[in-house]
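Commentary on secondary and tertiary structure
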Amino acid sequence: MVYTLNSIYSCIIGYFTMIGKIKKNFINLSMVFLMLSASLAFGLKFAIKRIFGATAIGEIATALLLPVIGSEKRLIRRLVATILLYTLIPLGLMILFLFGNKINYVTKQKIIAAISSLLFSVSLFPAVSEIAKTIGNYNHPNELLRNYFVSPKKISVTFPHKKRNLIYIMVESLESSFFSKVHGGAMDDNVIPELYKLAQDNICFSVDNNCLGMKPSRDCWTMAATVAQSSGIPFIVPWGENEYPSELKFLPGVTSLFDILHNNSYKQAYICGSKVHFSGMDNFLKTHKVDFVYDLITAKQEKFVPEDYDDGWWGMEDKKTFDYAKKKIMEISNSDSPFACVIATIDTHFWGGNFRDDCCRHQFDEQWLNVYACTSRLVNAFVEWLKKQPFYSDTTIVIVGDHPTRLHGYTPMADDYHQHVYNCFINSPVAPLKEKNRDFTLYDMFPTILASLGCEIQGDRLGLGTNLFSDKNTLYEELGEEAFWEKIGTEKSDKVDFWYYFSPGNCRDYNELFLLNSSEQYKNRKS
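Here the residue index of a chain counts from 1 through its sequence in written order. At least 70 in pLDDT is required for a residue's local features to be given in this predicted model, at least 80 for side-chain atom pairs to be given and counted, and no such filter applies to totals for whole chains, interfaces and linings, which use all residues. Values reported for side chains reflect all heavy atoms of the structure, with hydrogen atoms and water molecules removed beforehand.

**Some thoughts on the pairing of strand 2 (residues 165-171)**
Across the seven residues of strand 2, seven count as buried, placing the element largely inside the fold. A strand pair is defined by DSSP finding two or more bridges across the two strands. Where helices and strands are cited, they refer to DSSP runs of H or I of at least four residues and of E of at least two residues respectively, numbered from the N terminus. By the bridge criterion, seven bridges tie strand 2 to strand 6 (residues 395-401) in an arrangement that is parallel. Each bridged residue has a counterpart across the sheet, and for Ile169 the counterpart in strand 6 is Ile399. As judged from the five bridges shared by strand 2 and strand 5 (residues 339-344), these two strands associate in the parallel manner. For Ile167, the partnering residue across the bridge sits in strand 5 and is Cys341. For each residue, the accessible area found with a 1.4 Å probe, counting protein chains only, is set against the maximum for its type, and the residue is called buried under 20%, exposed over 50%, and partly exposed in between.

Here it is, written out as structure tokens:
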């Protein structure tokens, strides 16, 4: 009997002990899960900010929507490694705190919960707020597109009898903050003196009376900036049926600068040192009738660089890209047709820039500033080379930054300093009626580049852009700063914010204007 009672007692004690252990283990697992998820949220935010810089989430979304190839693989590997690093640091510290000291366990749980809540709040809440705002705007009309968009299909663009060639240099992340403070920049010394002098000696549209350049828009990554500059519209990352698989055309409803040049018998080339299919650039160029596309892959095929060439960056360094461009320009210029050549640089891309011993000098403490100084010299040398070519007298040169710098740790800017994107027009046959003290954005580059070739544009507007060579107010000037950003579906952008997803207003308006039948084509392919 005693033995039986002892057995029953032991079972009861064992049961409650087991329940206690299960409860304790459950609490421990819950705490670990809380710490892990909070650390992962923290790691994800700051890793993305570290890798992509101060950029729109739209760029990341596009990278996910499009095929992962070339430079994207390296980008994703670096992103994953950085996420792990930024996740493990807070996670490790919290685990050590939870299991490695003599503070009351319940008290430690409360402290961990508070820390996790803080990590969640600084990591996720801003993103959730912006995403909610995007979803809220998704079905609202975009007033600029609906009421102010001027379709190039309905506007006459008249070229001069003798058509001019176009050299269009799109410099990665080029902004005027790299000027000295004396010249309106943010630096003690002028980091890009050659580019400053080019702007001073030629046409430079500017918000001030100097050469600060244009207001930045939210199109703060290369693909979006290319669409904005060449088409006069914002680029909306498509969702659902309007994704951009590699087989479909890219914005087939857009009439871009490249379409207009093609329709006027221009031979066109696009040259870059990276792989051109990054972010779907190749599809955009092919859709809009660019004849020749040259990149790292074609340079290898043509044995311009070795087959195994890889400089550890995005592709060829800019020095080689400009040499490659010289070769291709000489080829394309040997024709009776006018030509247009776009050269896209890459050395000044974020992560610190691509420092090359054969070009860069150790002028500044920061590597990125030395890379910008090198790029300034390279662009200037390329312009000097162009001036010596037989086609130069009939050629307009346009130098534009694609978007502002996105890694602010390298630019000692005060809180009230406003970034501006560089522009310079060289050897244009047209003089601007109002060059300085203008308020304008990337969208205005579309008609302005055509005007720089001597084209006459009916009404001086294309897309959402205004011909800056005219005295017509831009939409920014006409509507005012607040109304402009409100109507385009976004807040004003004196500095580029990280937690922003660019979706300006109603995608149905966007589809009707620019996507045309791509949605139907996609449905047919899926079926």
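There's more to say after this.
**Here's the deal with the packing of aromatic side chains**
Aromatic contacts are taken between Phe, Tyr and Trp rings whose centres are within 6.5 Å, Trp giving its six-membered ring; a plane angle under 30 degrees counts as stacked, one over 60 as edge-to-face, and the others as tilted. A full pass over the atoms with the stated rule returns 16 aromatic pairs. Aromatic rings pair up to connect Phe292, Tyr294, Phe304 and Tyr324 into one cluster. Should the NZ of a Lys or the CZ of an Arg lie within 6 Å of a ring centre and within 35 degrees of the ring normal, that charge is described as sitting over the ring. Seen from the ring of Phe159, Lys163 lies directly overhead, with NZ or CZ sitting 5.9 Å from the centre.

**Notes on the pattern of salt bridges**
Throughout this description, the term salt bridge denotes a Lys or Arg side-chain nitrogen within 4 Å of a carboxyl oxygen of Asp or Glu. Scanning the entire structure with this criterion turns up 14 salt bridges. The salt bridge partner of Lys162 is Asp394, with a shortest N-O separation of 3.2 Å. Here Asp394 lies in the loop between helix 13 (367-387) and strand 6 and Lys162 lies in the loop between strand 1 (157-158) and strand 2, a separation of 232 residues in the sequence. With a shortest N-O distance of 3.9 Å, Asp323 and Lys326 are connected by a salt bridge. Of this pair, Asp323 and Lys326 both sit in helix 12 (residues 318-332), three residues apart, which is roughly one turn of the helix. Overall, Asp323 belongs to the partly exposed group, its relative accessible area being 32%. Among the charged side chains, a salt-bridge network with shared partners connects Glu302, Lys327, Lys328 and Glu331.

The values are spatial; any link to function lies outside them.
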